[in-house]
Structure formats: C-alpha cells, structure tokens
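So you can see what is in the structure, the chains are spelled out below.
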Amino acid sequence: MFNLNTNSDDSHQLMGAIDWNTTPLGPPATWSSRILGQVEMILLSRQPMYIALGPDLRFIYNDAYRTIIGARHPSAFGTPMREVFADIWAELDQLFDDVLHGTPQVVENTKISTPWREGRPFGWFSFGLVPVYDDSGKIAGFTASIFETTKYQEAKQLLLESEERQAYLLSLSDALRDLGSADEIRVAAAEVLGRHLGACQVAYAEHDDDAHFIITKNYVDGVSDASGRYSYANFGTDLLVDLQAGRPRIVPDVRADDRLDQAGKLALLHHGIQASLNIPLVKSGKLVAFIGVNYPAPHDFKEEEIEHVRETAERTWAAVERARGEAILREEEEWLGAQNEAFQLAMDGAPIGKTLELLGQSAVSRIAGARYAFYVRYPNADELKHVVGMSDDYAASVDRFKISEDSLSCGLAVATGSPIITSDVHQEPRWKPWLWMADAHSFRGCWSYPIRTSRGKVVGSFALYFSDPRHATQRERDIAGRVTYAAAIIISRSQEAEERARAEDALRLSEERFQQFAKASASGLWIRDAETLTMEFMSPALSTIYGVDSSELLGEEKQWASMIIPEDRDSAVNHLLQARQGASAVHEFRIQRVSDQAFRWIRNTDFPLRDNGDIPRVGGIAEDVTEAKLSAEHQGVLLAELQHRVRNLMGMIRVMANRSASGPSSVEEYRSSLEGRLLALARVQTLLTRQANLGGSLRNIVETEIAAQAHHPSQYTLSGPDVMLSPKAVEVLTLAFHELSTNALKYGALSIPEGTVTVRWVVEEERGKPWLSLDWIESGAPFREPPSRRGFGSELIEMKIPYELRGTGKIMFDGGQASCQLRIPLRIAESILATDAPTPVKIHGGSLDMTDAPDLSGRSILIVEDDYYMASDFASVLRSAGAEVLGPCPSEEAALSVLEHTTPTGALLDLNLGGGGPRFEIARILEGRGIPFMFITGYDPDVIPTEMETIARLQKPVPLRAIVEALALL
C-alpha cells in the first residue's frame, strides 16, 4: 500500500508512522480504493497538494507543500485541519464547507494569513479544491492543488509606486491579463516593452543548460525573427557569467564592445542589432531566463529603461510561471485523472495494453508531435515485447528486441537502466542497421525511458517518436518520468497478478492431485491442527481402516484415541504429541474396528508439517498391517514347525542309512537298498502332500509297492475293504510293504514269474475300536533257509509297528515261503512327513478381547459413565460380547433421555457424574422399573444406601472382562 522501504520522502514516512487506528479514518487497509489512489497520487506529486479526509478533515500533504506549511511540519501531518489552521479558520471555513457540499472551488490570487512563516505573515495563493468521493459515492473529503503567487502580487504592488511605472505596468498587465499560455505571455510582454522603449527586437529567452538558451516567439520591428536555440559562447565569453551572477549585460554599441569577439559581433549584426541589453532572472540562485532588448543602432541605455526592462522581466516571469503553474495544474489534473483511470482499470483486471494506453495518450497530449509505445520484458528472457502504441507492422518488426548494452533505443535503455535520448536516428551509428524501419514508420527522433519498479527492477520501457529531430526538454523528461513511474506500478502489479494466478493454478492442481492421491491411496492420510489436535482432513481409506464414518474421526483426537485398545492408547497419543513438537515417528497400535468389532493392527507414521519454521499442523499415514503382522507371526510358527519336521526327517534318514548298512555285502547292494527305502519314503511324502495330510488308501499303498516289484499283475492278489489310513500309518506301512516286496523280489515269490503274493485284510472291532488285521502270504517261492539275523525289514515290521502304531507285526518262513501278519488300531496319528500348517495365529485385543467371555447376545446395556475413555472401553467390550450398547451417557440428563424411549435389559452405573459426589437418581429409576443394574465406582462401599447394598458393585479400576462376567450374572 505505502512502501516505506522504497520511498524515502518524508510524506511516505509520515504516512506509515501515524497510528491511523486511533483516528476516525481507521487503518489505510480499510480505506476505499478511490481514496487510496488519491492519497498515493498526492504523495507522489511535485506540485504542492494536500488531501483532507474524514469527519475531522485529517490533513495529508506532499513534500512539495512543506514550503507552504513551514514550521508546522511535521506535526501538522495527519492532524485535523481545524487544529492545524485554528488561527486562520475563519478565512477558510466557508471554502471548505462549500467543497464538502459537492461544489468544487477555484480561487485565484487570494490573500491568506500565514502566521507560521517567519517574516511572511501572509501570502497570495491560487488553488483549486475538489471533492473526494469514496466507493459508495459519498463525499469523504477534498483535495487541494496550490500555487503560491505571493511574489507576483508583491511585484504588482510595486507598479503603484509611480504613476509612470503604473501606467506602463498597467498596460503590461492589461496585455497579459487574459493570456493563458506562456508563449502568448512572452510575446505580449515583449511587444509592450518593445513598443514602449522603441526597440527593434525584444525576446524572452529561457536558460536551457550551461551552454545554451532558447528563444521561442519574440517581438521584432524591422529585423528578422530570432527564434531558436543558441550557444552562450557565440555572444561573448562572459555573457553567461554575467547573467548567472545576476548582472545586466549592457552593450551600447556592438561594434565598439571589446567583450564581443568578431564572431559574436557578426552574429548580432547579422540580425540587424547594434545595441543590446540583457536583464537576467535569477531565482533561488539559479539563472532561469533573461530578457534581451535590442536596437538597430547604437543606444545609450538609461537607468529607467533598465528598470523598465527589469520590472518587465520579473512581471513576465511571474506571468509565465503563473501560466505554467495553471497549465501544470490542468495537466496535473488531466494526468491524475488518466493515471487514476489506468490504476482503476488495472485493479478491475483490464488488459495491460488498455491501461498503458491511457498513460501513453496522456503523455503525447502534453508533448506536441509525439507518438508513443510501451514495451515489457519477456519473462525469463532478455527480450522486449511491444504492448501498445505503434502499429502492428512496427510491433512485428521489433518483437523480441534484444536487451543488451550493445543494443539501441529501448533495448539499451532497459539494459543500462538509463534514458536513451536519440535526437536524430540518422546521426546515431547504432541506428544504421535499423534506419529502414525508422524511415518506414516516419520518425527521426526516438527517446527511450526504462520502466523501473520501486524495488529497482527494470520491467520494460516507454518510447516517444518524433517525425523530425527533437531534443528532450526537462519538462518532457519529467513527463516521461511520471509516465514510467505509473507504468511500473501497473506492469509490476500485472506481472504479480499473473504470477499469483499461476501460483494459484499450480496450488489448485497440486490440491487436485493430492485429493486424487488421497482418494486412491489404500493407506489413510490425515492432517491435524497442531495446537488442538483436531482432525482437519482425512482420506476415504481412513474410514475403511477404522470401520467408521468420517464424521466420527473428524474433530477431537479423543474420538480417535477411544478406538485404540487401552494398553496401546497412551503410547499412540504420545507419538502424536511428539510430532507436534517436531519429531517424526513410526509406531504401531491395536484398535477395535467399530464396524465389525475386529481387532486390527495399525501402523501410523506421524510427522510435523512445517511452515517457515513453525509447526501449525501434524500429518500422518495410517496403514492396516493386521494381515502382514499375522502373516509374519504365522510364518514364524511355520518356520519353527518346518525346522522341527526337517530334524525328524533327517533323523529317520540317518536311522535308515545306518540300518541299511548292516545287511548288504557290497556298496552297490547298500546303495540299491538305501535308494529303494528313500524312494518309498518319498512316495509317502508325495501321497500325504497330495491328500492334504488326510492319510492314504491301504489298497493303493499295497498295490503301489507290490506292482513296482512284480513281473506281471497276475503275480499278486489283493482283497479287503477300502481302508483310509492315518498319516502315521501311511508312513510306517509304506516302508513295511516296500521291505516285504523287495525281499519277495530278491528271495521270495516275486523272484520267479510263477510265484504269487496274496494280501488280504479285514477291519475288526476290539474293545469298541476299529483294528486292521492284514496277512501277507507268498507261494511258489524257491526254497530258502530262514534268515539267521533280523534285517531292516524285520525290525521295521516286528519293532517299529508295535512301537509307533501300537499294533503287532510278525514275519514267518515255512519252506522258503514267507508270510507276515499285521494288526494295528485305526487311530489318527501324525506323520513326520505331514505338511498341514499349524493353526493360524490371531490378534489379541488386550483387555478389550472378550474371547471365551460370557455371551451377552440379546442383551441391551445402558452405560452411564462421564469419563470418555472409560465409557468408550466399556462400550467396546460389551459390543465384543454381543450386547447392544445404549449410550454411553456422560450425565444423568443423557441417561434419562435414553430411558424415556428405551428399556434396557441391564445397566452399568458410575456413581460420581461430573465430580459432584455419589448420586443414585438413575439407580432408583432403574430399580423402580425392575431393570437390573450394577455400580462401577471408585467410592468405598459405605457410600451406598442401605436399601441398595445388595446391588452388585465393581471397584475401579476394574478389568474389563470382569464387567462382562458380572453383567452376565444380572
């Protein structure tokens, strides 16, 4: 609004230093945009101006006005005008009253007391007062543009000192009175003076710089016009020195004056001048102008003539300055109107070209013969873009004009940050490659001004073009400076608005992406206020994880904490508090999911959300890791079981290897027998795996082992019912039948094609349990002696079967014919090769886990408890036990409201609701309605009335399971 860091002038500093909150106007941030624009315009103006605002007319003036307010600065700034001008209020009251009623005031050359100015008790002023309207159209104050004409009035007074002087000055005043332009005044004054003195030429020359002066229109009589720009040096080396010192330059005879060199004399004589008088006008120690009076012949200048010229010079200067002041005031009003309109358009969001067009048109209306153009810098590029002013063809020709110190015109102005005034492009070497463009668009003069923001950043340029070569006057430079100042505000704010729009678009896109991410994420995302821990945002997945509607999680953190099992609650809340202090953490806790009462493991990642070093919010990611936890635990159990079974299997293989080594007579025989037994063991494992540890068919096992050794299917006969064996029986009997078949192949019935094996079995009942009785009979086998020692097969049948299957086994030989009898109970037994998985683990819900607790299904229990967490935990365990929960109710009023509409089958009552001591109103109502209930309290038993001593009571703290068990007994 008022950038104190970049405006070093007093008015801006004072504007920011005043505590406007203590005034009727309030802080500037609350002022209307119109008023703010007027204030800013006045503070930036070089013309003395002020604005009076509010019911007490707070006085705000610019730096230029300080010469008028004098010693009352700075205390007058921001003070009610009635206080500032209390001593002259009577002179101003009616003027101010009229303008505040909507009538603009224009006052010329009025005398006003100025007691605050030492040695100047009054002054003469011309000023205009204009009402200021706020956004609602109401008058909020007025602005004033002031021009002090004291010196003009004092000079006028001198005219009265003599009748002759009065007559002359009167004629001069008459000539100048109705003139409005400085040129008209200069010519009229020169003509009055020239006719009065009989001169052939009178010129009002203005000091241009320390080397030149300018004559515009002048009075001539019989000689040539002298308009033009001249060098002081052409008219004598000491001309400028005399004029700057305030000394008249008197040349009675040009030819005889030794101060003029030959060139100077010729210059005057060329214009028909033989005598010359130059009277300087020095203001504030600086030469501003001089009047030259010239004669066609030598002339003896008298003192009264010199005084006439001096008085005319002063009067002319005063009139010129007045005209200029009025013109400046008019220009100022026009400029401020254009500037304010441009600012308003910019604030209304109009295209930048339209707003800058107003500034450009205002500029060229005050600089005759000019065309204009605005250029802005391309974002992130050292190139310029034409915005408005010149034709489309021209804009296309200069689009992306390079910004460089090797460039020209606007590109050079932006690169150096300084104005580049090219009076004639045909005389500037840099323009040589671009003269075709200048000629095509008919300009010779080109002035380029950088547009610099208040922060020193050059954002573009303003150019003026002229059909003829043209030097820039100080006034024209000032106009361009004001245009670039306003343009900088508009361009920088436009760029800021574009950047803000881009940032808002990026933020909106980021928020949309975040919302899409949050909706798609299987993890729950959440954000809480760091101070209150209130949930501000949660993704849809969080509702699924906790099994509740989002409304039950949004809000206070205790709503979330109540879903956590008591054993994990404090740790989870502490991690949230640590995130508020700036620590990130990953932690796990258990909840009881509301939707199905299931216990679930939640992994929370809590972290601070920082903003410029502060932590206004904390965020987090919640994941349901129940399945992963169960899988990990189950995997551990499986691994342990696998290790156990592998050890058993390896032990069995070791035994088979050792036992197989005692019989064979060669390594090859040992290898063959061991391989066969291992293959049999593999077949057992395959069978048990295929049957999912359900065991196996006796017939299939017998047939598989005999068929592997028999010459043809007719060598064996199987008879008996289809019997399913337990995994353990499959393991042992497969190995047994393998040994029998292998021995039959080596020595018995299967060793010759004519031999046969008969296997028959039956299921019998013994002591009320089923037993398998099986006979293996070989016939047609070659004669052989019974074995002299017990081999692996014999030990397996006669020792392992009794030991592991709790049955009997016997091998017999009769004339080389082997037979075997087996009897085993058909009972369930697990094989070391079984592959069934252990029972899956489940989550223990801590004190909320009501596994094996009494079933409260069909019961409706009213909970009356004022502690939020206790009430939530009571409700959780009762729901887990199958009960319907009414409440919980934190007060008697809430409990009574429930009882008005519902009749519970039981109730759990806390005696101390709200800290007011034990209360029994609800208990008496329940007792009167025959509803069983129990107390849960921290009070001793003696507080319970005698008539209620038989009511069940649980003493806090109480295990939650005990509550369920107690309620089950009601």
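Read on for a plain summary of the structure. In this text, all values refer to a predicted model and were calculated from it rather than measured experimentally. (Residues numbered from 1 in each chain as written. Predicted model: local features only at pLDDT ≥ 70, side-chain atom pairs only at ≥ 80, totals over all residues. Heavy atoms only, no water.)

Some words on unusual backbone geometry
Move 1: The residue after H73, namely P74, is reached through a cis peptide bond having omega 5°.
Move 2: Turning to its location among the elements, P74 is positioned in the loop between α3 (66–69) and α4 (81–84).
Move 3: The omega angle of the peptide bond from G887 to P888 is -5°, so this bond is cis rather than trans.
Move 4: Note on placement: P888 falls in strand β32 (residues 884–889).
Move 5: You will see that N109, though not glycine, has its phi angle at about 50°, which is positive.
Move 6: Position of N109 among the secondary structure elements: in strand β3 (residues 105–113).
Move 7: N109 gets classed as partly exposed once you look at its relative accessible area, which sits at 22%. (Helix = DSSP H or I, 4+ residues; strand = E, 2+ residues; numbered from the N terminus. Buried < 20%, exposed > 50% of the residue type's maximum accessible area, 1.4 Å probe, protein only.)

A word on helix α8 (residues 182–197)
The periodicity of an α-helix, 3.6 residues per turn, causes residues three or four places apart in sequence to face the same way.
Move 1: Its 16 residues give α8 an end-to-end C-alpha distance of 22 Å, which sits within 8% of 22 Å, the value for a rise of 1.5 Å per residue.
Move 2: Where α8 is concerned, the buried positions are A182, I185, R186, A188, A189, A190, V192, L193, G194 and L197.
Move 3: Taken from the residues just after α8, G198 is the one with a positive phi, measuring 75°. (Expected span 1.5 Å × (residues − 1).)

A word on the packing of aromatic side chains
Move 1: For the structure on display, the rule yields 33 aromatic pairs.
Move 2: Ring centres of Y394 and Y465 lie 5.7 Å apart, and the angle between their planes is 75°; this geometry places the pair in the edge-to-face category. Highlighted residues: Y394 in helix α13 (residues 392–398) and Y465 in strand β18 (residues 458–466), separated in sequence by 71 residues.
Move 3: Take Y465: its relative accessible area is 1%, and that puts it in the buried class.
Move 4: Consider the rings of Y868 and Y869, whose centres lie 5.8 Å apart with planes at 70°: the pair is edge-to-face.
Move 5: Among the aromatic residues, those joined into a ring-pair cluster are Y50, F59, Y61, Y65, F77, F85, W89, F96, W116 and F142.
Move 6: Here R528 stacks its cationic end above the ring of W526, 5.6 Å away from the centre of that ring. (Phe/Tyr/Trp six-rings, centres within 6.5 Å; stacked < 30°, edge-to-face > 60°. Lys NZ or Arg CZ within 6 Å of the ring centre and 35° of its normal.)

Considering the nonpolar core
Move 1: One finds Y50 and F85 to be the most contacted residues of the largest nonpolar core, which totals 77 residues.
Move 2: With 9 residues, helix α16 (residues 474–520) is the single largest residue contributor to this core.
Move 3: Apart from the residues lying within four places of it in its own chain, the contact partners of F85 are F59, Y65, I69, R72, L92 and W116. (Core = buried A, V, L, I, M, F, W, Y, C linked by side-chain atoms within 4.5 Å. Contact = heavy atoms within 4.5 Å.)

Brief notes about the sheet that holds strand β33 (residues 906–909)
To summarise the sheet geometry, strands pair through backbone hydrogen bonds and adopt either a parallel or an antiparallel arrangement.
Move 1: Strand order in the open sheet formed by 5 strands is β32-β31-β33-β34-β35, with parallel pairing between adjacent strands. Every interior strand has two partners, whereas the edge strands, β32 and β35 (952–955), have only one. Strand after strand, the sheet turns through a mean of 20° between neighbouring axes, direction not considered.
Move 2: In the sheet, strand β31 (residues 860–864) pairs with β32 via 4 bridges, with the strands oriented parallel. Directly across from I861, in β32, lies its bridge partner V885. (Pairing = 2+ DSSP bridges. Axes fitted to C-alpha atoms, helices over the stretch in contact; angles between N-to-C directions.)

Here we look at the environment of W124
Move 1: By the secondary structure assignment, W124 is in strand β4 (residues 122–133).
Move 2: Residues within four places of W124 in sequence aside, it is in contact with N109, T110, K111, F147, E148, T149, T150 and Q153.

As for the pairing of strand β6 (residues 201–207)
Move 1: Of all 7 residues making up β6, 7 are buried, and the element is well covered by its neighbours.
Move 2: Because side chains alternate across β6, one face comprises the buried residues Q201, A203, A205 and H207, and the other comprises V202, Y204 and E206, equally buried.
Move 3: Here β6 runs beside strand β8 (residues 219–220); their pairing, made up of 2 bridges, is antiparallel. Within β8, the position partnered with V202 by the bridge is Y219.
Move 4: As defined by bridge partners, β6 adjoins strand β7 (residues 212–215) across 3 bridges and the pair is classed as antiparallel. Looking across to β7, one finds that E206 is bridged to I214.
Move 5: Turn length for the β6-β7 hairpin, with the two strands adjacent in sequence and antiparallel, is 4 residues.

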